[in-house]
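# Overview (structure and organization)
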Amino acid sequence: MAKSSILGELMAKSFIERLSTFSDKVAVIYQGKEFTYKQLLEKIDQYCELLSTLPPHSRAAIIGDYSFENIAFFFALYANNHTIIPIISKQGIEEKLSEVGVEAIFDQDTLTSHHIGGLQKTTLDLGNDSGLILFSSGSTGKPKAMLHNLDNLIQQFENKKPKQLNMLLFLMFDHIGGINTMLNIFSTGQTAIIPNNRKDVHHIASLIEKYRISILPASPTFLNLMLLNKVAEQYNLSSLRMISYGTETMPESLLKNLQNSFPKTKFLQTFGTSEVGIMQTQSENSQSLFIKLSDPNIDYKIVDGELWIKSKTQVLGYLNASMECFVDGYFKTGDLVESKIVNGEEYIRIIGRAKELINVGGEKVLPQEVEGVIMQIDGVLDCLVYGEKNTITGQSVGCEVVIDKHKIPQNEIKKIIRNFCKGKIDNYKIPSKVICKENLESSERFKKIRKISQGGGGIDN
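These numbers come from a predicted model, not from an experiment.

### As for helix H12 (residues 413–421)
Listed as buried for H12 are Ile413, Ile417 and Cys421. Each buried residue of H12 lies within a common arc of 55° when the element is viewed along its axis, so the set occupies one face. On its buried face, H12 is in contact with helix H11 (367–374), strand E26 (380–390), strand E27 (394–403) and strand E28 (433–436). Of the residues flanking the end of H12, it is Gly423, one or two places downstream, whose phi is positive at about 90°.

### Things to note about the packing of aromatic side chains
Using the criterion set out here, one finds 15 aromatic pairs in the structure. Ring centres of Phe75 and Phe186 lie 5.9 Å apart, and the angle between their planes is 80°; this geometry places the pair in the edge-to-face category. With Phe75 in helix H3 (residues 68–79) and Phe186 in helix H6 (residues 176–187), this residue pair connects regions lying 111 residues apart in the sequence. An identical accessibility class is assigned to Phe75 and Phe186; each is buried. Between Phe170 and Phe222, the aromatic rings sit 4.5 Å apart at their centres with planes inclined by 50°, giving tilted as the arrangement. Of this pair, Phe170 sits in the loop between strand E9 (166–168) and H6 while Phe222 sits in helix H8 (residues 220–228); the two residues are 52 residues apart in sequence, bridging distant segments of the chain.

### Considerations on the sheet that holds strand E7 (residues 131–135)
Strand pairs in the sheet, formed through backbone hydrogen bonds, run parallel or antiparallel to each other. Reading across from one edge, E6-E5-E3-E4-E7-E8-E20 is the order of the seven strands in this open sheet, with mixed pairing throughout. Across the chains shown, the open sheet's two edge strands, defined by having one partner strand only, are strand E6 (110–113) and strand E20 (317–318). Pairing between E7 and strand E8 (residues 145–149): five bridges, direction antiparallel. Within E8, the position partnered with Leu134 by the bridge is Met146. Contacting strand E3 (59–63), strand E4 (83–87), strand E5 (104–107), E6 and E7, H3 runs over the sheet at an angle of about 170° to E3.

### Focus: the pattern of salt bridges
Going through the model one piece at a time under the given rule, you end up with 14 salt bridges. For the salt bridge of Glu284 with Lys340, the shortest nitrogen-to-oxygen distance reads 3.1 Å. With a gap of 56 residues between them, Glu284 in the loop between strand E16 (281–283) and strand E17 (291–293) and Lys340 in strand E22 (residues 330–342) connect regions that are remote in the sequence.

### What to know about unusual backbone geometry
Positive phi outside glycine occurs at Asn159, with the angle close to 65°. With respect to the helices and strands, Asn159 occurs in the loop between helix H5 (150–155) and E9. For Asn159, a relative accessible area of 74% corresponds to the exposed category.

### Concerning the environment of Pro217
Among the secondary structure elements, Pro217 is positioned in strand E11 (residues 215–218). For Pro217 and Cys48, which are 169 residues apart along the polypeptide, the C-alpha to C-alpha distance reads 31 Å. If sequence neighbours within four positions are ignored, Pro217 has contacts with Met167, Leu168, Phe170, Leu171, Thr181 and Ser244.

### Overview of the packing of H3 against H6
Running from N to C, H3 and H6 cross one another at 85°; their axes reach a closest spacing of 13 Å. Compared by their axis directions, H3 and H6 come out roughly perpendicular. Contacts between H3 and H6 pair Ile71, Phe74 and Phe75 from the former with Ile179, Met182, Leu183 and Phe186 from the latter. Within the contact of H3 with H6, the residues separate by chemical class into seven nonpolar, no polar and no charged.

Cut-offs and rules
Once a new chain begins, its residue numbering starts again from 1 and follows that chain's sequence as written. Given that the model is predicted, a residue must reach a pLDDT of at least 70 before its local features are reported, and side-chain atom pairs must reach 80 or more before they are shown or counted; all residues, however, enter totals for whole chains, interfaces and linings. Calculated side-chain values reflect all of the structure's heavy atoms, with hydrogen atoms and water omitted. Burial classes: relative accessible area under 20% of the type maximum marks a residue as buried, over 50% as exposed, and values in between as partly exposed (1.4 Å probe, protein chains only). Only DSSP runs of H or I with at least four residues qualify as helices, and only runs of E with at least two residues qualify as strands; both kinds are numbered from the N terminus onward. Regarding the arc, it is the one traced by the directions from the helix axis to the C-beta atoms. Contacts: residue pairs with any heavy atoms within 4.5 Å of one another. Two aromatic rings, drawn from Phe, Tyr or Trp (for Trp, its six-membered ring), form a pair once their centres lie within 6.5 Å of each other, and the interplanar angle then sorts them: stacked below 30 degrees, edge-to-face above 60, tilted otherwise. DSSP bridges decide pairing: two strands pair if at least two such bridges lie between them. Axis geometry follows a simple rule: fit a line to the C-alpha atoms, using only the stretch in contact for helices, then measure angles between N-to-C directions, giving values from 0 to 180 degrees. When a carboxyl oxygen of Asp or Glu lies within 4 Å of a side-chain nitrogen of Lys or Arg, that pair is called a salt bridge. If an angle is under 35 degrees, it is roughly parallel; if it is over 145, roughly antiparallel; if it lies from 65 to 115, roughly perpendicular; otherwise it is oblique. The residue classification treats Ala, Val, Leu, Ile, Met, Phe, Trp, Tyr, Cys and Pro as nonpolar and Asp, Glu, Lys and Arg as charged. All others, Gly included, are polar.

Structure, rendered in structure tokens:
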């Protein structure tokens, strides 16, 4: 490849060309330092020169979370039609690098070559386009490596109107939601704020206050942590125009509490998976958890209560797993839904995950349904329901709760839960085991971690 220039070969990609129109606007704030779109383009151009010795259509891993350098290198790889593999955790990294045939590694601003191992050839054809390989979380088994056509993903961000907003890059660099947020920010000339520690709710709240952040994409688990830590009382979060949430089921009681704490903020439920991408949604109303999948790029159907989706942005395939979860072009999401018709249009509500169902003597229990009831108890701050092995019924229902000890005596919590649940849910759904916790464990992607029961079910997604 000949030496690149910002006004030359880089502009072959319309997305990169669009970045040049924002020039002196701030693109990234990282570790307290501001970088303009002009500086971002200059860094991309610098990295394009670095990539000049890399063979065409190489697979390159970017190690680490968001940084100014990693973002610039991402777009340099995209501009040169390479395939990008963002990897945050170094746990099991050698196996991942081998399985997808990584040829180069970018780590701490240094590019090194890598011996190709594992799958060097694939029938999945990118043509002359750039690619993106994402790994599943691996919480239910070996992480799946999925190949996206990155040009296809980015195409949906063309013709977006510029916006003068600050947005937090909360979802991770190796997550489809994080990639979607990043592309949305830079396609519209917004400013990306990169947190130093996304697990620290006070740090996140301080960033919202300092930079007047308008949009916060987060998970229900993280939003509940914000409530538990009362950050809305300690920081000025009035700049928040929208909080978007997804990745797991939102309890109705939690949504109400969030709306009470952020009365002037719009809440938007998003939906997507690593396999099909992030899609446009519309809420039935501000209090409802029913959404309409309004994205023109998708088709969906509900089969035995499970949501199946066919999308123009779905993966080309897995590199290390079978495609049995794809049927006639539809991806079986594993999400269980209920639906209703409003003014002639279908709205759906995610009610749980098929693999999280608890089997109590042949009766199926949705953990999220039970959690939704328990969370209505005054003094219950958080709750996790899971399947416990039971020699008689196969499984029984267990739960962990975080309580306000000023409102609920710890030695009374099991009795309080059982009495409250009676008449609201079937008796077999009422937890037979209750454990008080100071806090509930969550994954790196801020999703509740459900215990694995040897009786089946109760597995984190």
